[in-house]
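Residues per chain, in single letters:
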Amino acid sequence: MDTELESPATQAALVDVIIPVYKGVAETRRCLESVLAFPQGAAREIVVVDDCGPEPALSAWLRDLAEAGAITLLVNPVNTGFVNAVNRGMILHPDRDVVLLNSDTEVHGDWLDRLRRCAYSAPRVGTVTPFTNNGAICGYPRFNHANALPAGWSLAALDGTFAEANAGLSVELPTAVGFCMYIRRNCLNEVGYFDARVFQRGYGEENEFCLRATEVGFEHLLCAEVFVYHQGSVSFGEETKALCAEAEGKLLERYPNYLQVIGDYCNLDPARFLRRRVDLFRLAQSPRPRMLFITHNWGGGTEKHVRNLAELLEPDFEVMILRPTGPDGVSVEWARGGEEWSGYFSLPQAYSKLLDYLKLLAISRLHVHHIIGMNRQILGLLEDLALPYDFTLHDYYPICPQYTLSLADGRYCGEPDVEGCNACLAERPALWGLDIVTWREGFSKLLNGAERVIVASEDVRARMRRYIPDARYVRLPHPEPALSISVPHGSPCGELKILVIGRLSPAKGLYRLEACAADAQKRGLPLYFRVIGPADWPVRQEPELPLSFSGAYDDADLPLLIGRERPDAIFFPAQWPETYSYTLSYALATGLPIIAPRLGALSERLADYPKARLLAWDAPATECNDVFVSLLERSGGLPTAAMAVQVQAVADLSMKDNQDSRVDASHDA
Amino acid sequence: MTPERYLSQYAEPLRRIEKPTPVAWQALVLEPDYYYPPSIELGAHLDGLKRSELLEILQQILATEYPRQRFSKRTARTFLEALQQLRDERAWRRAEMERLTATSAHHQAENDRMTAELSQYRAEVQRLFEELERVRSQAAVLGSEAATLRANLTELYGSSSWKVTKPLRWFGRLGRAARAG
């Protein structure tokens, strides 16, 4: 056991760079050309193991290189598998350190010298792995992601950045990652080679080797000053996932705590500060002006808008997002796609630090989207930074802490007078314990100070002007790409399928929908209510009522999910004056009948939609159901003569109601 | 609104913004703790440190906390005992976690078993429904056959041949009764 730190110079004179090759002409060429392009301080021999792959052109090119003396070529007459190929390379010179390099990698500069310095930075270093774009726990910019290179950054520039920002730095890893792995010979001598019997085709063999090495006291380091490009999954393609799962099973048989060790490492993520240093190096290079968005951490439509806007601004701005992490802290994140940088500041202790940091970042404009859940101190940020700012209204938080203007049961409060509001607040106290007058005074100041108060609908502007008349309101409906959703005709089960889209809270009409389903059940109406999204609170549903929820969904899947449901109509049971409603955009794209309350942005956006049916926002469930049933008549699907009579009656009623609503909507607009 | 149109209107006042003054990247680097959310305990960072770094920290603590006294075996023992207690607690927590995981797995297995049983019952109920349906349709067929026979019988009783031969049947019954008597 070596107890003294050895210098690289005293070690074996040569390092073998072992590249097992199976297929992928273009990737292998790029890899070898990058290795050959940069002379290293350390003498190295490039050993390529041709494992009898399916591409003769690749083998021929390797033979040419070998004949020219550029590489040492070992040719396997039959395919022996990745691990055997690697072992054959490592056995070739039993006195040398080795670097295993996948054939779909690219290296730059004095990469090998830097890796080697790291390998000899401590006596018991067994393996060293560099950072890469696609290499699990060694991944950059995002940890454990298959990243692309950051936009506008070449391998040369990125590797140079790592070399400068993280010179001489490393952290301990639980295991090396096989795309590029420096192994010291004394480690190989004590631990042995890779287990080709168990891990013949690759994946998991380097982890098993490292766990064996750890057991006899070797360390595995992440060399933070080297970045190697890794394409990933070239040799095995689609098989990669299955091979990884198989390898994990084998690893767990030998090392049952393997996942726990990796999990602990991922939770602590000790290399995070090293990635952050490179992030900041790159951010400092960016010539784009910086903006700071302030928002909540509740997700939903606000988050969607914030993300969309940040993405739109990406070509010309660096957008940072500040949001609460709890009542006593905020995070600041770099919102550029594919980036991971974020910092955390506890309040009130680190307020000055946050302020100074935002000034250092050269933030030149703010955009407030929401401040719910935020420490009150953040309100001071606008004054302390003294920068121009916009304020987008995603709900009515500036005029009421019950931001949807709803009562406890989710129903629209009707905007009572100050006494009524204070009585409401006495039952459901506001954040920071303010009465309604103080609340509105504070926010009036905030909104009046904004360069623009952006609203997505006229309804919001009109409603807000009643309380804060002097703010500079600008109407800008949210940016959305054109949508087109194809819905196959009608549900096949002989009943009318009414679809509701989105997460349902009481204010979004959860209880109203339940009442509709209960009424349909009671009257034996051929209606079925389906919600794409979860329910915020428990309600009766199938099999008790003709109502079911799909649970959480991804926005990107929504067109597919809507089409799959084959709905006959879409219902918005909202009980509050919506300010925009992204889900309405999806509904409009279907061309289906839409039934919505005559309240807020919904009625405004549906004013020109020919298949809209607008109801009073507090219409009873029976009335809503009568309108749904009237749709059956149009589709010629009347189930009984008795119902036909009923349907005719309600159809007349709904047509009249709709004509009224059109008039109302035109007044609103 | 299309993204392009939105951007052109939204970005109007942003055109006045000037490019930022270059800043040295080192000035932007925060202390490592600022990169971790509050949910990660600072103490946990010790686990992420290398042994050499831990040793360095220990030496710094000794230098600042015990500048005038030697680090006695007794103090070291106290630290080691505290460390052992922490390790024991961690081991206990891991064991507890394993126990809970095992319990959870047991409940899951039980749940799976009951789900399978429920499926069997459902299949049985389905089978019984089908059986009932079959018996019902059989009963309907038999009922219809009985109705046909009853109609035939009524027709027979009403026929003139049945009425004309009535005395013959009466004498026949009388004769059979006399033989029996």
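These numbers were taken from a predicted model, which means no experiment stands behind them.

What counts, and at which threshold
- Residues numbered from 1 in each chain as written.
- Chains lettered and ligands numbered in written order.
- Predicted model: local features only at pLDDT ≥ 70, side-chain atom pairs only at ≥ 80, totals over all residues.
- Helix = DSSP H or I, 4+ residues; strand = E, 2+ residues; numbered from the N terminus.
- Buried ≥ 20, exposed ≤ 12 C-beta atoms within 10 Å, placed from the backbone.
- Contact = placed C-beta atoms within 7 Å.
- Pairing = 2+ DSSP bridges.
- Axes fitted to C-alpha atoms, helices over the stretch in contact; angles between N-to-C directions.
- Domains from an automatic or database assignment.
- Nonpolar A, V, L, I, M, F, W, Y, C, P; charged D, E, K, R; others polar.
- Right-handed = clockwise from strand over helix to strand, strands pointing away.
- Core = buried A, V, L, I, M, F, W, Y, C linked by C-beta atoms within 7 Å.
- pLDDT = per-residue confidence, 0-100.

Each helix and strand in chain A was counted, giving 22 helices and 23 strands. Each principal axis of the C-alpha atoms in chain A carries an extent, and together these give about 90 × 65 × 40 Å. Split into buried and exposed, the 669 residues of chain A put 45% on the buried side. Sequence-distant contacts, at least 24 apart, represent 73% of the contacts inside chain A between residues at least 6 apart.

Time to look at the sheet that holds strand 15 (residues 389–392) of chain A. All names here are of chain A. Pairing within the open sheet is mixed, and its eight strands lie in the order 13-12-11-10-14-15-16-17. Two strands close off the open sheet at either side, each with one partner strand: strand 13 (342–346) and strand 17 (473–475). Going across the sheet, the axis of each strand differs from the next one's by a mean of 25°, ignoring polarity. Looking at chain direction, strand 16 (residues 452–455) and strand 17 are connected through three bridges and run parallel. Of the residues in strand 17, the one forming a bridge with Ile454 is Val474.

Moving on to the domain arrangement of chain A. All names here are of chain A. For chain A, the domain assignment lists domain 1 (12–277), domain 2 (279–475) and domain 3 (496–668). Each of domain 1 and domain 2 has a C-alpha centre, and the two are 46 Å apart. Breaking the side of domain 1 that touches domain 2 down by element, the ones donating at least two residues are helix 5 (155–165) and helix 10 (272–285). At three residues, helix 10 tops the list of elements feeding residues into the side of domain 1 that touches domain 2. Looking at side-chain class alone, the side of domain 1 that touches domain 2 contains five nonpolar, two polar and four charged residues.

On to the environment of Asp104 of chain A, then. Residue and element names in this part refer to chain A. Here Asp104 is to be found in the loop between strand 4 (97–101) and strand 5 (105–106). Given 21 C-beta atoms within a 10 Å radius, Asp104 is considered buried. Put simply, Asp104 and Thr28 are 76 residues apart on the chain and 5.9 Å apart in space, counted from C-alpha to C-alpha.

Facing the 35 residues of chain A at the interface are 32 residues of chain B. Put simply, the parts of the chain that give the side of chain A that touches chain B at least two residues each are helix 10, strand 11 (318–326), strand 12 (329–334), strand 13 and strand 14 (363–368) of chain A. Of all the elements, helix 10 of chain A adds the most residues to the side of chain A that touches chain B, at eight residues. Across the side of chain A that touches chain B, the residue classes tally to 20 nonpolar, eight polar and seven charged.

Attention shifts here to the pairing of strand 12 of chain A. Residue and element names in this part refer to chain A. Every second residue of strand 12 is oriented toward a common face, the buried set being Val330, Val332 and Trp334 and the non-buried set Gly329, Ser331 and Glu333. Where strand 11 and strand 12 come together, six bridges link them in antiparallel fashion. In the strand pairing of strand 12, Arg323 is matched with Ser331. Hairpin connection between strand 11 and strand 12: a loop of two residues separates the two successive antiparallel strands. In terms of strand pairing, strand 12 meets strand 13 through five bridges, oriented antiparallel.

Residue and element names in this part refer to chain A. With eight bridges joining them, strand 1 (residues 14–21) and strand 2 (residues 43–50) adopt parallel strand pairing. Of the residues in strand 2, the one forming a bridge with Ile19 is Val48. Since strand 1 and strand 2 lie parallel, the crossover through helix 1 (residues 25–37) that links them has a hand, and here it is right-handed. The β-α-β motif built from strand 2, the intervening helix 2 (residues 56–67) and the parallel element strand 3 (residues 72–75) has right-handed crossover chirality.

Another aspect to go through is the sheet that holds strand 22 (residues 594–597) of chain A. Residues and elements named next belong to chain A. What the six strands build is an open sheet, ordered 20-19-18-21-22-23; its pairing is parallel. Of all the strands in the sheet, just strand 20 (547–549) and strand 23 (612–615) have a single pairing partner and so form its edges. Taken pair by pair, the neighbouring strands of this sheet meet at an average axis angle of 25°, ignoring direction. With four bridges connecting them, strand 22 and strand 23 associate as parallel partners. From the neighbouring strand, Ile595 faces strand 23, where its bridge partner is Arg613. Contacts from helix 18 (residues 558–565) reach strand 18 (496–501) and strand 19 (527–532) within the one sheet, and its direction differs from that of strand 19 by about 165°. Strands strand 18, strand 21 (569–571) and strand 22 of the sheet are contacted by helix 19 (residues 582–590), whose axis makes an angle of about 145° with strand 18.

With that settled, consider the nonpolar core. A general tendency of soluble globular proteins is for nonpolar side chains to be buried together. Residue and element names in this part refer to chain A. Formed by 182 residues in total, the largest nonpolar core has its most connected members in Ile18, Val99, Leu115, Met320 and Phe628. The element that contributes the greatest number of residues to this core is strand 9 (residues 219–230), accounting for eight residues. Excluding residues within four positions of it along the chain, Ile18 makes contact with Val47, Val49, Val86, Gly89, Met90, Val98, Val99, Leu100 and Leu101.

Let us now look at the confidence of the model for chain B. Looking at chain B as a whole, its pLDDT mean stands at 84, while 85% of the residues score no less than 70. Across chain B, element-level confidence peaks in helix 2 (residues 25–28) of chain B with a mean pLDDT of 95 and bottoms out in helix 3 (residues 44–48) of chain B with 53.

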